[in-house]
Amino acid sequence: MATHKLLLLPGDGIGPEVMREVEKIVGWFAKNGVGFETETDLVGGSAYDAHGAAISEAAMVRAQDADAVLFGAVGGPKWDGVPYAVRPEAGLLRLRKDLGLFANLRPAICYPALADASSLKREVVEGLDIMIVRELTGGVYFGEPKEIVTLEDGSQRAVDTQLYTTAEIERITRVAFDLARKRRNKVSSAEKSNVMKSGVLWRQIVSRLHKAEGSDLQLEHVLADNCAMQLVRNPKQFDVIVTDNLFGDILSDIAAMLTGSLGMLPSASLGAEDPKSGTRKALYEPVHGSAPDIAGKGLANPIAMIGSFGMALRYSFGLVEAADLLEKAIANVLASGTRTKDIAAPGANAVGTQDVGDAIVKELSALS
Ligand code: NAD
């Protein structure tokens, strides 16, 4: 039995609660022929309490060594006053930086059973399945100069720099092309080439790469503001959307809300492909935070975390059948009405975090 190395970093707040449910799923797959070697370590506030840092050097070594990292959530009021450099989020930023995770994948899937939880009409979102690929390590969040300067007259001027190179645009576009080939073969590239030079270059390079390496795929260019509008008007027109760091931040949050609750949204962050093994460094995490308001109460929806593990099955381990099986099990459990409070149907009884994990494990057995 092949084993896959997983590092579990549950973190703070509801992180450990939702990670426990993933461990049940991992255990089920182990009994059914897909083995995982798991290690667990601290990150965020819990790592700060133990080591005075948001992630220890030993945990970083384990992360480098793992085939995939599963990350829960970090932060909470307890650590609001800790020094900036060691705040809980610093652990996640260090992981992203040191593992070179430049591609952020955020699927937005609307399960039929949850179509009424969306703020949009059922017919607009039912069956929605799109993937937003956001460039994560470049662009205006990192470009220099980045400063606030005081002018001679005492007023101030703030500067952020939007900056992209050919190589950065090419590598994120390749990730989008690869994903589209496993989906519906369509890529929409979003930028602002009408007003930004970085957008002009983005469009040129995506077009050039499409001609050279992606002619089997349908490519469309869409201005980022129009893309935002289309996401709420007719989101099902999209398959894979590829975009930069800033636009991706905004567009993926819009897409997220199409599907209902924060507790439903998984994500993946991928690094460069290793030329020898063909594998990528990868970190999988729910989009939500540590939810201190419900932590410790057994109320958290574990599906975003379990879905993140599903993405690891698909994108890190190539276990497409296992990933499909897990998604089907999640969909069936949702359809059966076994839901946490955040997604419970009006008037229906909500169940706890553990009940959802148990129901998914039971459904996996029923399906296989
Ligand atoms: P949050 O995502 O933790 O919570 C927002 C709201 O959504 C809360 O009402 C919460 O109860 C609810 N919610 C979130 N996840 C849920 C789930 N799985 N099931 C049911 N309900 C869920 O965001 P916040 O309140 O802005 O931040 C809380 C803490 O989390 C802060 O310390 C913040 O810095 C941190 N945070 C961490 C990450 C991360 O680790 N990647 C991301 C965002 C926020």
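For the structure itself, look to the data block above.
Residues numbered from 1 in each chain as written. Predicted model: local features only at pLDDT ≥ 70, side-chain atom pairs only at ≥ 80, totals over all residues. Heavy atoms only, no water.

A. Examining the site of the ligand more closely. The full set close to the ligand counts 21 residues, and V74, E89, G289, A291 and D293 are the nearest of them. At 2.7 Å from an oxygen atom of the ligand is found a side-chain nitrogen or oxygen belonging to E89. Separating an oxygen atom of the ligand from a backbone N or O atom of S290 is a distance of 3.1 Å. The protein chains hide 66% of the 800 Å² of surface that the ligand would expose on its own. Grouping the amino acids of the shell around the ligand by side-chain chemistry returns 10 nonpolar, 7 polar and 4 charged. (Near = heavy atom within 4 Å. Polar contact = N/O pair within 3.5 Å; in protein donor to acceptor, adjacent residues only side chain to side chain. Areas by Shrake-Rupley, 256 points an atom, 1.4 Å probe, with all protein chains shown as cover. Nonpolar A, V, L, I, M, F, W, Y, C, P; charged D, E, K, R; others polar.)

B. Region of the structure containing the pairing of strand 6 (residues 143-150). In terms of strand pairing, strand 6 meets strand 7 (residues 156-161) through 5 bridges, oriented antiparallel. From the neighbouring strand, I148 faces strand 7, where its bridge partner is A158. Two successive antiparallel strands, strand 6 and strand 7, enclose a turn made up of 5 residues, where G154 displays a positive phi of approximately 90°. (Pairing = 2+ DSSP bridges. Helix = DSSP H or I, 4+ residues; strand = E, 2+ residues; numbered from the N terminus.)

C. Representation of the packing of aromatic side chains in the model. Counting across every chain of the model gives 5 aromatic pairs. Ring centres of F36 and F309 lie 5.5 Å apart, and the angle between their planes is 65°; on these two criteria the pair is classed as edge-to-face. Highlighted residues: F36 in strand 2 (residues 35-40) and F309 in helix 10 (residues 303-315), separated in sequence by 273 residues. The same class applies to F36 and to F309, which are both buried. Members of the aromatic cluster, each reached through a chain of ring pairs, are W28, F29, F36, F309 and F317. Geometry around Y84 places R87 over its ring, the cationic atom sitting 3.8 Å from the centre. Over the ring of F102 we find R171; its NZ or CZ atom is 4.0 Å from the centre of that ring. (Phe/Tyr/Trp six-rings, centres within 6.5 Å; stacked < 30°, edge-to-face > 60°. Buried < 20%, exposed > 50% of the residue type's maximum accessible area, 1.4 Å probe, protein only. Lys NZ or Arg CZ within 6 Å of the ring centre and 35° of its normal.)

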